[in-house]
Amino acid sequence: MLASLQRWFAPKPRLTAEQEARLAAWIALPAVDAKASHLRCVVVDVETTGLNLMTDTLISIGAVAVVNGRIALGDSFYVVLQQREASRKENILIHGISGTVQREGADPVEALLAFLEFMGKSPLVAFHVTFDETMIRRALRQYLGLKLKHLWVDLAYVMPALYPPLAYSHRVLDDWIGRFNIRIQVRHNALADALATAQLLQVAQACAHKKGISSIASLRDLELQQRWVNGVS
Amino acid sequence: MSAILPSELSFVTRHAPFDRMELPHVLWMLERMDVGYYASGEVIVSPEQGPVDRFLVIKQGKVHGEQSVAHASETDTWLELAEGECFPLGALLANRRVASVYRAGSDTFCYELPADDFRELIGMSAAFRDFCTRRIANLLEHSKQVIQAQYSNSSVEQQSLASPLSAIVRREPVSCSPETTVRQVLEVMREQRIGSMVAVDEKGRPLGIMTLHDVLDRIAIPQIDLDQPVIRVMSTRLSTLPPHALAHEAALMMAKHGFRHVLVVENGRLVGLVSEKDLFALQRVGLRQIGSAIRHAESAEVLQQGAADIRRMAHNMMAQGVAPEQLTQFISAFNDLLTTRVVDLECKASGLLGTSLHNGMCWMALGSEGRFEQTLNTDQDNAIVFDVPEGMTADQVREKLLPVAQRINETLALCGFPLCKGEIMASNPKWCLSLEEWKHTFNGWISGGSPESLLHASIFFDFRPLYGAQHLAENLRNWLGRTASENSRFLHMMAANALRNRPPLGVVRDFVLGKGNMLDLKMNGITPFVDAARIFGLAAGVTHTNTIQRLRMSASKMNLPLAEIDAWINALLFIQVLRLRHHDESSMQGKNDEAMDNKIDPEKLNELDRRILKEAFRQARKLQSRLALEYRL
């Protein structure tokens, strides 16, 4: 608890002039039009030291770009963030990133800048956004002093909106990817999970396209509707 | 910055050919790949998409290939591809459209590499290249499908000559009364852009026809009075057929009588007009019709038409994907039919028919015709073997037969078989011999072994009877089988001679080209196989003259492994396909026979054909090595 409070009230992080410039360059990037079709979007997944949004920290980020309904394998991103101390043993067993690798990871400032540069202003897509968004936002604030305001689309709501009959039987990511024969080679690796999620986005976009929905903005609308449906039912 | 998934790498490297490729090449490929998603039932690649633009590896799901070129139903699955398999290799290598529709059989994800990167990878990675071009049999199969797809476009447009004339007549015939003036008729023809005018009486019965072709001869040159009734300058020899008559009857009528138009008449009334041009589109001449037209032909003109039909038929058969082995056999069968009819007609015309000389002569096909391997462009190679009747000398018989042979050679030339430049024809006194003279001549070649004898042996020893007294040719064949197989010195020389013609492959496995950077498919491609098969056949006492039969039938006696024989035959057939396609394209471009050759520019071949051709030449080389081993050369 103390550690989290320390982080919370920590002074503004110090960046080098070069890092400041990179951050400024990212902030200056023009916003994208979410209503445009064929927009590049970035599917993201993170691994953390645990599931506690308040106390656990970011270990790795995996991201895959989807452009025009296609995943570009060359346009993908993976980084392990350097940890002050390795996460607990039971946690290591889940994500498979050993203590050594965790301690040898990239400097968090560099890692996060690289992630911003990879992402650009492309909308982010994830399955159960809240977790990934919170983890990423907190890390960005802690290490870069950046308050990220970004368009996120949550497939956990988009999928049931597109496939209403499956809404009750399909809850977690594994349900959906199993449904569409998507296999994850290494489960709980941020990049492998991001790739599987990206494949799920492909399925979602193909289905949405048949219903005349072709932009990220309309997928987001679909998500909001589903959130409302979930709220009232 | 890109992060290639170690897991994706481990997936692709579990499958061929990626498991044998160098890691940097696989990474290079993965970095350039997309992942595409296809819902179950969605088309992934189809012929309609044009030349294939990407190389696909199935990541998850399954893909069905469906035959689309033939008339098979949509559900007719002939190929199922599973995870880790790549497609459509052949079409990509050939830079063509696919011949089949590839459809997702379930929710499917594919790794996809742009075609340009695919080609770069082929150049970069030897393992990948080998995989893509490895199995010649498979690729040949594919090449056949592609040829089929290429041709099917042109053949669907062709209606059948078996359709009734009523289906061909497009509009009401334009007619006039016989009293209309020539001037008026010409004006109407110009206005309505029609090529002919039929004069009919008040009941609609046709009386005469005038065509544009007549204008010159009957009107312009004689400078006739344009105000006279048109019936005076019209042709009144009319060819008529009922509407239910078939198109090929009209075609035959035009061919027989030289008319350009046939009137379609019902109950005496003119209902339509069919021109040569209308029938021109109907190219799919049925085999039966051609056959019967040739068998019943009474003049060289009809036979010429038959020869043209044979060519068209060959084109259509290529379109239908008939294998080269059958195709050349068909061509040979029809050419046999044609030649037989020509011989028959000329024997009749020269009064030889029914005489004892006629009963004792046999017309023989030599060379490629003798081997049943004729293509569309084949010189005449023929000879006569005859019996000497009591009380006559061979010279006396020859004197009688030579003029007939001369006529036959000339008529065959008219039918599109060019006269042999080497004078290897029955009209040459040297090749119009009695059975005893032939044996003597053959014996001289076998025991002599001069370069000229060996050359002659390579042409004449492929003889087979076509017309007349078959037993004479059979007698000669059996005699030759015994004599040649016993003479190992002769076979040894034949082998040494055959080995002089090396397949045009260089040390770095590339083509060695002749003049103008051309490859001669016949000389460099076919001949090594034909020569080797002849020697094996003669050594094993095989009486068949066909190269493939010779190889198969001499296998056990010569201890040739069957797998190797199959590889040789496949290679030969592939070269034959290329050659037929080359001839077919040349003839479609309207080149005449002299302009047709066997020379191709390998640079103009697509990647796939080029590679298979190299493989085929390598097979020729292997066959020659086997021959060298056999005769210790």
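Keep in mind that this is a model prediction, so the values were computed, not measured.

*Asks:* Can you explain the overall build of chain B? Please cite residues and give values.
*Replies:* Across its full length, chain B holds 25 helices and 20 strands. Counting over 633 residues, chain B shows a buried share of 42%. Across chain B, the fraction of contacts at a sequence separation of at least 24, relative to all contacts at a separation of at least 6, is 72%.

*Asks:* Go over the nonpolar core with me, naming the residues and quoting the values.
*Replies:* Counting residues in each nonpolar core, the largest one holds 106 residues, and the members touching the most others are V43, A63, L112, V158 and L200 of chain A. Leave out the neighbours within four places in its chain, and L112 of chain A touches A139, L140, Y143 and L144 of chain A. In this structure, F511, F529, V530 and L613 of chain B belong to the second largest nonpolar core, which totals 96 residues.

*Asks:* So what's going on with the sheet that holds strand β15 (residues 361-365) of chain B? Residues and values would help.
*Replies:* Two orientations exist for strands paired in a sheet by backbone hydrogen bonds: parallel and antiparallel. Residue and element names in this part refer to chain B. Sheet architecture is open: 4 strands sit in the order β17-β16-β15-β18, paired in mixed fashion. Since the sheet does not close on itself, it has two edges, and those belong to β17 (432-434) and β18 (464-468), each with one partner. Recorded for the sheet is a direction-independent mean angle of 30° between the axes of neighbouring strands. Alignment of β15 against strand β16 (residues 382-386), held across 5 bridges, turns out to be antiparallel. By the bridge assignment, C362 is partnered in β16 with V385. Across the sheet, helix α17 (residues 394-414) touches β15, β16 and β17, and the angle it forms with β17 is around 145°.

*Asks:* Give me the environment of Q19 of chain A: which residues, what numbers.
*Replies:* All names here are of chain A. Looking at the secondary structure, you find Q19 in helix α2 (residues 17-28). When the C-alpha positions of Q19 and L144 are compared, they lie 9.1 Å apart, and in sequence the two are 125 residues distant. When residues no more than four places from it in sequence are discounted, the contact partners of Q19 are V109 and L113.

*Asks:* Can you explain the pairing of strand β8 (residues 108-114) of chain B? Please cite residues and give values.
*Replies:* Residue and element names in this part refer to chain B. With 6 of its 7 residues buried, β8 lies for the most part within the structure. Of the strand pairs in this sheet, strand β1 (residues 34-38) and β8 are connected by 5 bridges, and their pairing is antiparallel. Its bridge partner lying in β8, D34 is registered against E112. Strand direction decides the pairing type here: strand β3 (residues 54-60) and β8, joined by 6 bridges, are antiparallel. When the sheet's bridge partners are listed, R54 is paired in β8 with P114.

*Asks:* Can you break down the packing of helix α7 (residues 155-162) of chain A against helix α9 (residues 190-210) of chain A residue by residue, with the values?
*Replies:* Residue and element names in this part refer to chain A. It is the contact of α7 with α9, at a shortest axis distance of 10 Å, that shows an interaxial angle of 35°. Classified by chirality, the crossing of α9 by α7 is left-handed. Together, L155, V158, M159 and L162 of α7 and T197, L200, L201, A204, C207 and A208 of α9 make up the contact between the two elements. When the residues that make up the contact of α7 with α9 are grouped by side-chain class, the tally is 9 nonpolar, 1 polar and no charged.

*Asks:* If you had to explain the sheet that holds strand β10 (residues 196-200) of chain B to someone new, which residues and values would you point to?
*Replies:* All names here are of chain B. The 3 strands lie next to each other as β9-β10-β11, forming an open sheet whose pairing is mixed. This sheet does not close on itself; its edge strands, each paired only once, are β9 (175-176) and β11 (206-211). Bridge count for β10 against β11 is 5 bridges, and the pairing is antiparallel. Paired with M197 across the bridge in β11 is M210.

*Asks:* Would you mind going over helix α4 (residues 115-124) of chain B in detail, with residue names and values included?
*Replies:* Since the α-helix advances by 3.6 residues per turn, residues separated by three or four positions end up pointing in the same direction. All names here are of chain B. Among all positions in α4, only F118, L121 and I122 are buried. What you see down the axis of α4 is that its buried residues fit within an arc of 105°, all on one side. In α4, those exposed residues whose orientation departs by more than 90 degrees from the buried face are D116 and G123.

Reading guide: rules and limits
Residues numbered from 1 in each chain as written. Chains lettered and ligands numbered in written order. Predicted model: local features only at pLDDT ≥ 70, side-chain atom pairs only at ≥ 80, totals over all residues. Helix = DSSP H or I, 4+ residues; strand = E, 2+ residues; numbered from the N terminus. Buried ≥ 20, exposed ≤ 12 C-beta atoms within 10 Å, placed from the backbone. Contact = placed C-beta atoms within 7 Å. Core = buried A, V, L, I, M, F, W, Y, C linked by C-beta atoms within 7 Å. Pairing = 2+ DSSP bridges. Axes fitted to C-alpha atoms, helices over the stretch in contact; angles between N-to-C directions. Left-handed = near helix turned anticlockwise from the far one by under 90°. Nonpolar A, V, L, I, M, F, W, Y, C, P; charged D, E, K, R; others polar. Arc of directions from axis to C-beta.

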